[in-house]
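# Structural description and commentary
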Amino acid sequence: MNIILFGPPGAGKGTQSDKLVDDFKLFKVSTGDLIREEINKNSLLGKEMKSAIDKGLLVSDEIIDKLILNIVSKKKYSNKLIFDGYPRNINQAVQLDKIIKKYEQNISCVLSIKVNFEIIKKRILGRMICSKCGLIFNKYFNPPPREDKECSHILEIRSDDNEKTLEKRFKTYLNISMPILDYYQNQNILHEVDGNGEISSIYKEISDIIKGLETWL
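None of the values given here were measured: they were computed from a predicted structure. (Residues numbered from 1 in each chain as written. Predicted model: local features only at pLDDT ≥ 70, side-chain atom pairs only at ≥ 80, totals over all residues. Heavy atoms only, no water.)

This part is about the environment of Tyr-183. With respect to the helices, strands and loops of the structure, Tyr-183 is situated in helix 8 (residues 180-185). Since its relative accessible area comes to 21%, Tyr-183 is described here as partly exposed. Separated by 59 residues in sequence, Tyr-183 and Ile-124 have C-alpha atoms that sit 28 Å apart. When near neighbours in sequence (up to four residues on either side) are disregarded, Tyr-183 contacts Ile-90, Ala-93, Val-94 and Asp-97. Within the structure, the side chain of Tyr-183 is placed 2.4 Å from the side chain of Asp-97, a separation counted as a polar contact. (Helix = DSSP H or I, 4+ residues; strand = E, 2+ residues; numbered from the N terminus. Buried < 20%, exposed > 50% of the residue type's maximum accessible area, 1.4 Å probe, protein only. Contact = heavy atoms within 4.5 Å. Polar contact = N/O pair within 3.5 Å; in protein donor to acceptor, adjacent residues only side chain to side chain.)

Listed below in structure tokens is the structure:
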């Protein structure tokens with residue numbers, strides 16, 4: 001089965017998709033990870049994407065679609081994908097359908113995580129990443145330990161984790177991305193999830209939906 005995990009920045013898509021990968025033996029397709037990987041290469045394409053992100057804009061559909069096609073076309077991932085952060089607009093959704101059908105696959109369900117904006121602000125603006133071990137902390141919900149025998153934790157904040165950029169990203173999400181919910185609702189594969197609670201309760205709701213799908217997949 002292929003799954004789309006949908007939600008605004010800070011909805012917890014990455015956290016939930018990582019857990020789904022382990023429990024349901026899926027491969028995560030994160031446009032955020034794909035973009036950051038290209039940016040870290042400091043390539044011309046990476047620089048172009050970084051410029052757009054720093055302005056609170058979305059990377060062009062053409063670039064994203066190429067990154068997605070490269071993954072979907074691989075046989076080892078056939079019907080074993082969970083899309084995290086893609087599609088973000090109608091054009092991307094239509095293009096994904098074309099790519100999926102081309103390789104004789106299908107989208108089993110779309111999970112839309114709904115989150116209050118005030119909670120999103122704390123999740124994003126409080127996020128800190130250790131440059132040594134890669135662990136992610138949050139000063140509001142999950143602060144780093146004062147002492148850690150495994151790592152001394154050198155904490156960094158992503159350049160796009162600031163209030164101005166967040167507000168632009170959220171408005172972009174509402175204005176451009178939200179309409180695709182109707183697109184998937186018309187296909188009868190949309191499921192809404194309450195993303196305001198604890199990680200474990202959100203995951204239980206998501207996993208119960210997927211387990212219900214497995215009865216007919």
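As a further point, take the sheet that holds strand 4 (residues 107-114). Taken in spatial order, the five strands of this open sheet run 2-3-1-4-8, and their pairing is parallel. Looking at which strands have only one partner, the edges of the open sheet turn out to be strand 2 (27-30) and strand 8 (190-194). Taken pair by pair, the neighbouring strands of this sheet meet at an average axis angle of 20°, ignoring direction. In this structure, strand 4 lies alongside strand 8, joined through five bridges in parallel fashion. Each residue of the ladder has a partner; that of Ser-112, found in strand 8, is Glu-192. The strands touched by helix 2 (residues 31-40) are strand 2 and strand 3 (81-84); relative to strand 2, the strand with the most contacts, the crossing angle is about 65°. (Pairing = 2+ DSSP bridges. Axes fitted to C-alpha atoms, helices over the stretch in contact; angles between N-to-C directions.)

Phi is positive for Lys-25, which is not a glycine, with a value near 55°. Structurally, the position occupied by Lys-25 is in the loop between helix 1 (13-24) and strand 2. By relative accessible area, which is 64% here, Lys-25 ends up exposed.

Attention now moves to the packing of aromatic side chains. For the structure on display, the rule yields six aromatic pairs. Both rings, one in Phe-117 and one in Phe-170, keep their centres 4.6 Å apart while their planes meet at 45°; by these two values the pair is tilted. You can see Phe-117 sitting in helix 6 (residues 117-125) and its partner Phe-170 sitting in helix 7 (residues 163-177), a full 53 residues away along the chain. Phe-117 sits in the partly exposed class, given a relative accessible area of 23%. Members of the aromatic cluster, each reached through a chain of ring pairs, are Phe-6, Phe-117, Phe-170 and Tyr-173. The ring of Tyr-203 has Lys-19 sitting right over it, with the charged end atom 4.8 Å from the ring centre. (Phe/Tyr/Trp six-rings, centres within 6.5 Å; stacked < 30°, edge-to-face > 60°. Lys NZ or Arg CZ within 6 Å of the ring centre and 35° of its normal.)

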